[in-house]
Structure formats: structure tokens, C-alpha cells
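Architecture and fold: a report
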Amino acid sequence: MTIQQSSPKTLNLPDERGYYGAFGGRYVPETIIPALEEIEQTYYTLKDDPNFQEELMHLHHTYTGRPTPVTYARRLSVYLGGAQIYLKREDLAHTGAHKINNALGQALMTRHMGKKRVIAETGAGQHGVATATACALLGIECVIYMGRVDMERQKPNVFRMRLLGAEVRGVDSGSQTLKDAINEAMRDWVTNVRTTHYLLGSALGPHPFPMIVRDFQSIIGIEARQQMLEQVGKLPDMIVACVGGGSNSIGIFHAFRDDAHVQLIGVEAGGNGIESGKHAARFADPHIARMGILHGTKSYVMQDEAGQIMETHSISAGLDYPSIGPEHAYLRDTGRAEYTYATDQEALEALQLLAQLEGIIAALESAHAVAEVIKRAPTMPKDAAILINLSGRGDKDLNTIISALEGEEGLHA
Ligand SMILES: *Cc1c(COP(=O)(O)O)cnc(C)c1O
């Protein structure tokens, strides 16, 4: 079989002002601009520094557990009766998801900037755990902001972060959830910007964060591209990933951006269905998905007529966010990637099917990608290959899954 070469067709994005077409940029208070410029400068220097890259790769090989494997999902492929399905196993990375790729990269950057303290905000706690892990490893002081309501809902993760030596600060303002934690973390950053790095968790926020997070996560696609060529002898025809802020998806898409024949599919959280209004499918509903600015970047934002940010809902905490990384908005508008959604119910069913046919309990987020493949694979020829980014494992979701399936005949005791 011939090895398919990529042709360098795509623009190198973002542009020097941090834009992906009309999206991205830097919409922050004046006081934060110097810090963003410092991060940008440091990043450009370290990106081309072989010592830094070697240090990061060494940690990935000896600590994170990279490269994560690509697994052929034989029984699932046979069951669906169409395309052959492969799984990129980010669930096997240390801490159980892809988030560690970014946390480790930025923690290393923090050390290179001579800063001694990291702050982060977390909703469900997954990014907080990854950040606390990276800071413990590198000996960096770590403060995690978390809404009181979220702390109550995610007790085991609060305990994990504290075990890892991080300080978890409860936020009592507003709705006591993620957006209030973000506000509090920003306040801290403005005050302590000289000593402190704000470790952002997804391909979001003001430039240069969407670029940095993408680049640290792009190891997923770089590995997967080589693994598909070695194991299957060709690139996948389609790549499917779930999209919260957009980091695991952009991480697997990026290495394939110039392979025009590789279809890129992002799956958002359809919640209770688009008509219900209870979802986080930012691209799906033309009445509420508009260009807007949230948390320092211009992208699609779920907002009402008056521009108020809407309440979102998803069974998976990681997909429950009213905006989406700016590069995804660009990929969608240019048609390079396609976006769809799976409902809570579809994700739950996909999670069970994958568990029973492959012995893998996926994160509820990742199950959204599996749900889309359950719809598509049967319509595709048997010699087609689909690669799913299995962004994380489901241990963290057991309580949610149990309550969702209670009363249903789904779980046989
Ligand atoms: C946080 C999380 C996501 C969503 O975040 P992205 O930045 O969109 O990748 C997806 N899957 C898992 C397992 C997560 O923990």
C-alpha cells in the first residue's frame, strides 16, 4: 500500500494577532496583555528549543504513558457491519484523559518562565486534577478555583487535588460554578501576574492559549497518524472526536488538517435534544449560536436575543460549556471539519455498547464520539476506516451513569 503524504495546503494559523479567520483574538483587560505577551514570547522560544521538546517528550514517555495505543475495535466493527473502527486510547494516559498532555506542557513552560505558582479553574475537576498532578511532579505551587456547587458535586476530585498537594479555593459568588471560578481565577491572575501562570485547560481563551493548548494536544494526532500508517497501512477515512472547549478534538485533527480526504467530525453535547434548549451544541441551533466574545476570545457563543449567555446542559461535565474554541469555529466555517451532536441518551447507549463489545468503559464525553460512529459506520464500506479519539476513561462518571440507568432496564444487578 502506498503511504499517503500530506501536502502543506493549510494556512499556518493563527495569524500574528491570534486570529483564525474571523475568530480568536485577545479580548481581555489591559492589565493582562503584558502577561499574554510574555507567554507568547516564551512559547515561541520553547517551541523551537530542542531541550524543551526533549524534556517534554521524556516526561511523556516515562510518566504520561505515551504513546497511547491505537486499538482496533473488532467486535464493534463487526456488530455495526460497516467501516472498520479504531480507537486512539487517551483513556490510558496518566490521570485517565488527554488533559495531562496540556497540563504537563504548560507546567514545564511555567518553570521556564521562572514562575513559582500556577492557578487554574475547574468545573468538574478533571482539569484541576491534571494541573495538580503536573504541579506536584514539577514542584510548583498550585491553586485551583472551583465553584462551591461544583465542589459539592465532585467531591472525589476535590479530594484528589488536595491529596496531590494543591489548594482548592471554593468560590461562593454567582451561581458558584465554572464561570464564577473563571472570574475568581482572573482576579487572582491580575493581582499576582508576575509570579503566577494561569494554566488554561482547553483550546479556548485569549491568544496565545488556543494555539498553545492545540500544540500540546497535537501529539495525539501526530502519534495516531503514524500508528494508522503502521498498523492499518493507510490513514483513516474519518476521524471523530467529542468537542467541549475543543482540545482533544483539535489535538487529533491537527496532524490531518492537510489530508483533504480525511473527514474530520466534531461531536457536541446534544443534551436532552436541540428543541429542548437543554444542550451545549453551540453550532446546532442557528437561533442561539451567534458570534460573540466569552472568556477573552471571539467564537460561537450560546446566547439569547439580549446577548445573555445561556445555561447549557450535558450529562458529561466536560462538554457542558456555552462557547467553543475559535479554531473550531474557523474549521466549521471553512468546511474543513463537520460538527454534529449526540444526546445524553445516545451517549449513554454508546458507552454501554463499547463496554460490552470491547471491554472499555469510556468517559461520557468520549461516548458522544462513539455515538456518532454508531450512526455512521453501518453506512460506510467495509474497507473504510474510522478513528475515534477516546479522550478519557469512564471511572469518574460511574455515579452519573448509575443514576442515569437506575429505573431503566439497562443495568442488570
Ligand atoms: C475535559 C474533557 C473533554 C472536553 O474537553 P476538550 O477540551 O473539548 O477536549 C473531553 N473528554 C474528556 C475525557 C475530558 O475530561
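Just so it is clear, the model here is predicted, and its values are computed rather than measured. (Residues numbered from 1 in each chain as written. Predicted model: local features only at pLDDT ≥ 70, side-chain atom pairs only at ≥ 80, totals over all residues. Heavy atoms only, no water.)

Here we come to the domain arrangement of the protein. Looking at the assigned domains, one finds that the protein contains domain 1 (70-96 + 217-405) and domain 2 (99-203). Each of domain 1 and domain 2 was reduced to a C-alpha centroid, and the two centroids are 25 Å apart. Across the boundary between the two partners, domain 1 contributes 17 residues, which contact twelve residues of domain 2. If you sort the residues of domain 1 by the area they bury against domain 2, Thr95, Gln217 and His295 come out on top, with a joint share of 37%. At the boundary of domain 1 and domain 2, one finds zero salt bridges. Of all the secondary structure elements, the ones that give two or more residues to the side of domain 1 that touches domain 2 are helix H10 (219-231) and helix H11 (247-253). Its residues assigned to classes, the side of domain 1 that touches domain 2 shows seven nonpolar, eight polar and two charged. (Domains from an automatic or database assignment. Contact = heavy atoms within 4.5 Å. Buried area = accessible area lost by both parts, 1.4 Å probe. Salt bridge = Lys/Arg side-chain N within 4 Å of Asp/Glu carboxyl O. Helix = DSSP H or I, 4+ residues; strand = E, 2+ residues; numbered from the N terminus. Nonpolar A, V, L, I, M, F, W, Y, C, P; charged D, E, K, R; others polar.)

By volume, the second largest pocket amounts to about 400 Å³. For the second largest pocket, the lining is made up of 19 residues, of which Tyr43, Lys47, Arg214, Asp215 and Ser218 are closest to its centre. Of the residues belonging to the lining of the second largest pocket, the class tally is ten nonpolar, five polar and four charged. (1 Å grid on protein atoms, 1.4 Å probe; cavity = no way out; pocket = protein on both sides within 12 Å on 5 of 7 lines; lining within 4 Å. Points joined across faces, edges and corners; volume = space filled by probe spheres on them.)

The biggest cluster of nonpolar side chains holds 89 residues, and the ones touching the most others in it are Met109, Met161, Trp189, Ile239, Ile252, Phe253 and Leu387. Looking at this core, you find at least three residues from each of domain 1 (70-96 + 217-405) and domain 2 (99-203). With residues near it in sequence (within four places) discarded, Ile239 still touches Ile252, Phe253, Phe256, Val262, Gln263, Leu264, Ile265 and Leu387. Membership of the second largest hydrophobic core comes to 27 residues, among which are Val267, Ala342, Ala369 and Val373. (Core = buried A, V, L, I, M, F, W, Y, C linked by side-chain atoms within 4.5 Å. Buried < 20%, exposed > 50% of the residue type's maximum accessible area, 1.4 Å probe, protein only.)

Turning our eyes to something else, we now look at the pattern of salt bridges. Counted according to the given criterion, the structure contains 30 salt bridges. Linking Glu40 and Arg26 is a salt bridge whose minimum nitrogen-to-oxygen distance equals 2.9 Å. Residue Glu40 is found in helix H1 (residues 33-47), and its partner Arg26 is found in the loop between strand S2 (23-24) and H1; the two are separated by 14 residues along the sequence. A relative accessible area of 11% places Glu40 in the buried class. Assessed through its relative accessible area of 21%, Arg26 is described here as partly exposed. In this structure, Glu184 engages Arg187 in a salt bridge whose closest nitrogen and oxygen atoms are separated by 3.1 Å. In this pair, Glu184 and Arg187 both sit in helix H8 (residues 178-192), three residues apart, roughly one turn of the helix.

Before going further, it helps to examine the sheet that holds strand S8 (residues 196-198). If you walk across this open sheet you meet the four strands as S7-S6-S5-S8, and the pairing is parallel. Whereas interior strands pair on both sides, the edge strands pair on one side only; in this sheet they are strand S7 (167-171) and S8. For this sheet the average axis-to-axis angle between neighbouring strands, irrespective of direction, equals 25°. As paired strands, strand S5 (residues 117-121) and strand S6 (residues 141-147) are joined by five bridges and run parallel to one another. What sits directly across from Val118, in S6, is Cys142. (Pairing = 2+ DSSP bridges. Axes fitted to C-alpha atoms, helices over the stretch in contact; angles between N-to-C directions.)

Here the focus is the sheet that holds strand S3 (residues 70-72). On the basis of which strands lie adjacent, the open sheet formed by six strands has the order S3-S4-S14-S9-S10-S13 and mixed pairing. Only two strands of the sheet have a single neighbouring strand rather than two, namely S3 and strand S13 (337-343). The average angle at which neighbouring strand axes cross in this sheet is 25°, direction not considered. Both strand S9 (residues 238-242) and strand S10 (residues 263-271) contribute to a ladder of five bridges, which runs parallel. Opposite Met238, over in S10, you have Gln263 as the bridge partner. Lying over the sheet, H10 contacts S3, strand S4 (84-89) and strand S14 (385-390), oriented at roughly 140° with respect to S4.

Let us now look at empty space enclosed by the protein. Under the defined criterion, the tally for this structure stands at one cavity of 30 Å³ or more. Around the largest cavity, the lining residues are Ala203, Pro210, Arg214, Ile250, Gly325, Pro326, Glu327 and His328. At the level of elements, helix H9 (209-217) and helix H12 (326-333) are the ones that each hand at least two residues to the lining of the largest cavity. In the lining of the largest cavity, the residues fall into four nonpolar, two polar and two charged.

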